[in-house]
Amino acid sequence: MESMDRMLLSSWYDVHSTVPSSYVQLPENRPGKVVSSLHEPIPVIDLGERHRPHLTKQILKASQEYGFFQVINHGVSHDLMDETLNIFKEFHGMPPKEKINECSKDPNGNFKIYTSGENYKKNATHYWKDSLIHPCPPSGENFQYWPEKPSNYREIVGKYSREMNRLTLEILEILCEGLGLEPRYFCGGLCENPSLAAHHYPPCPQPSLTLGLAKHKDPTIITILLQDKEVEGLQVLKDGTWIAVAPIPNAFVVNIGLLLQIISNGRLAGVEHRAVTNSSIARTSVVYFVYPSFESNIEPAQALLKGSNTPPLYKSITCREFRANFYQKGPKVEEDLQ
Ligand SMILES: O=C(O)CCC(=O)C(=O)O
Ligand SMILES: [Fe+2]
């Protein structure tokens, strides 16, 4: 068990055996009952909508009600979306040594491949997931440390990251309009340090006992998620009920992160979500986390405080400090924000 725990999950799991006890969740954390997304769908928003006030209103409403929305007609080529998912599937299918090797070029250790969560040793209970994560700043900095395998990784993931940056700016501009911030509020450095993760959830022999990813809110400004077309797994908490987000082919799932909660002084808020496993088919998700530079001060936007009766609900914090707290405290990070 000891040595097994140290290898990537995808290299030792066996669908025909039982889940190791360290992966069995406490009864209160197990998946349990879920509302089908058909009864309570996460809103789908057409970014091709020409009537801007209508578009802004829809996005703001979904963000306030769910903290989540999906976008279609977003301008990202469907071929590129498929290629990106496929390259990450290929990556996770490589031998563990090779995967570790491809993530070892950065002397600062910002390229990671790990099982469960980044705090494997700290967490008593583990999650049924392998993840690859690395920075992908639009500046192109660190590109020399990117994986070179599969052979077209840099080309495809580089193209995808640029498209995510474009889409981020478009979505943030709409959110700014909705909130009453100047349209380019986030362009002054507030989204220049994104990172990209590719989660891989292998089939799990006992999905009712495990989770792929714990209940959490994202420590980002926003997050843009590409789901596997056929495989469900993402769930969002709404009014105490878990809602499954059924994948819509070629749509992205967007969610509000805790940094935007601070900046919007609570008008928008991060919402809890998690990923569950299934026993028959592996699931891959590609996640673009929008972060500002580490030195940025995150605080309620002055423009929102002026002319409002609500005092600042959060104190100013640097992105670096916030990330360190989040890494240390997990969901309890919110206690420190006020
Ligand atoms: O894999 C998923 O669907 C969820 C990923 C997620 O929530 C995250 O990485 O923060
Ligand atoms: Fe998340």
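The rules behind each value
Numbering of residues starts from 1 in each chain and follows the order in which that chain's sequence is written. Following the order in which they are written, the chains are lettered starting with A and the ligands numbered starting with 1. A pLDDT threshold of at least 70 governs which residues receive local features in this predicted model, and a stricter bar of 80 or more applies before side-chain atom pairs are shown or counted, although totals over entire chains, interfaces and linings include all residues. Where side-chain values are given, they derive from all heavy atoms of the structure, hydrogens and water being excluded. UniProt positions are given in the numbering used here, feature names are shortened, and annotations may be inferred rather than shown by experiment. In DSSP terms, a helix is any run of H or I states spanning at least four residues, a strand is any run of E spanning at least two, and both are numbered starting from the N terminus. In this listing, donors mean N, O and S atoms no farther than 2.8 Å from the metal, or 3.2 Å for Na, K and Ca; water is missing from the atoms, so a site can look incomplete. The buried label goes to any residue with under 20% of its type's maximum accessible area, the exposed label to any with over 50%, and the partly exposed label to all in between, with areas taken from a 1.4 Å probe on protein chains only. By convention, a stacked pair of Phe, Tyr or Trp rings (six-membered ring in the case of Trp) has centres within 6.5 Å and planes under 30 degrees apart, an edge-to-face pair has planes over 60 apart, and any other such pair is tilted. We call a charge positioned over a ring when the NZ of a Lys or the CZ of an Arg lies within 6 Å of the ring centre and within 35 degrees of the ring normal. Here a residue is near a molecule or strand as soon as one of its heavy atoms is found within 4 Å of it. Pairs of N or O atoms are called polar contacts if they sit within 3.5 Å, as long as, within protein, a hydrogen donor faces a hydrogen acceptor (for residues adjacent in sequence, only side-chain-to-side-chain pairs). Computed by Shrake-Rupley with a 1.4 Å probe, the accessible areas treat only the displayed protein chains as cover when residues are assessed. Only when DSSP finds a minimum of two bridges between them are two strands counted as paired. For every element, the axis is a line fit to its C-alpha atoms; helices are fit only across the contacting stretch, and the angle between N-to-C directions ranges from 0 to 180 degrees. Contact definition: two residues touch when any of their heavy atoms are within 4.5 Å.

As annotated in an unreviewed UniProt entry, the chain is Fe2OG dioxygenase domain-containing protein from Vigna mungo. UniProt, in the comment section headed Sequence similarities (unreviewed entry), describes the chain in these words: "Belongs to the iron/ascorbate-dependent oxidoreductase family."

A. Spotlight on the UniProt feature "domain: Fe2OG dioxygenase" (unreviewed entry) in the chain. As recorded in UniProt, the sites labelled "domain: Fe2OG dioxygenase" (unreviewed entry) are residues 191-292. Span residues 191-292 is 6% helix and 40% strand, its end C-alpha atoms 4 Å apart.

B. Geometry of the coordination of the iron ion (ligand 2). The protein atoms that coordinate the iron ion (ligand 2) are H216 (NE2), D218 (OD) and H273 (NE2), at distances spanning 2.1 Å. Going along the chain, you hit the donors of the iron ion (ligand 2) in the pattern H-x1-D-x54-H. Separated by 55 residues along the polypeptide, D218 in the loop between β6 (213-216) and β7 (222-227) and H273 in strand β11 (residues 273-275) bring together distant segments of the chain. The pair D218 / H273 is uniform in exposure class, with both members buried.

C. Representation of the packing of aromatic side chains within the structure. Taken as a whole and judged by the stated rule, the model has 13 aromatic pairs. Ring geometry for Y13 versus W128: centroids 6.5 Å apart, planes at 80°, classification edge-to-face. Here Y13 is found in the loop between α1 (9-12) and β1 (44-46), whereas its partner W128 is found in the loop between β3 (112-115) and β4 (130-135), with 115 residues between them in sequence. When the ring of F91 is compared with that of Y153, the centres are 6.2 Å apart and the planes differ by 55°; the resulting orientation is tilted. With F91 in helix α3 (residues 78-92) and Y153 in helix α5 (residues 153-179), this residue pair connects regions lying 62 residues apart in the sequence. For Y153, a relative accessible area of 0% translates into the label buried. Among the aromatic residues, those joined into a ring-pair cluster are F88, F91, F143, W146 and Y153. R274 extends its terminal NZ or CZ atom over the ring of W242, reaching a point 4.0 Å from the ring centre. Seen from the ring of Y291, R323 lies directly overhead, with NZ or CZ sitting 4.2 Å from the centre.

D. Fine view of the site of ligand 1. Around ligand 1, the neighbouring residues are H199, Y201, L213, H216, D218, L225, L234, H273, R283, S285, V287 and F289. H199 places a side-chain nitrogen or oxygen 2.6 Å from an oxygen atom of ligand 1. Across the complex, the protein chains shield 96% of the 290 Å² of accessible surface that ligand 1 would expose by itself. Broken down by secondary-structure element, the contributors of at least two residues to the shell around ligand 1 are β5 (195-201), β6 and β12 (283-289). Looking at the shell around ligand 1, the element that brings in the most residues is β12, giving 4 residues.

E. Region of interest: the sheet that holds strand β10 (residues 252-256). If you trace the 8 strands from one edge of the open sheet to the other, you get β1-β2-β10-β7-β12-β5-β4-β3, paired in mixed fashion. Looking at the sheet topology across the chains shown, the edges are occupied by β1 and β3. Each strand of the sheet is rotated relative to its neighbour by a mean of 25°, with strand direction disregarded. Helix-sheet contacts for helix α2 (residues 52-65) involve β1, β2 (68-72) and β10, and the interaxial angle to β1 is about 160°. Packing against the sheet, α3 makes contact with β3, β4, β5, β7, β10 and β12, and its axis sits at approximately 115° to β12.

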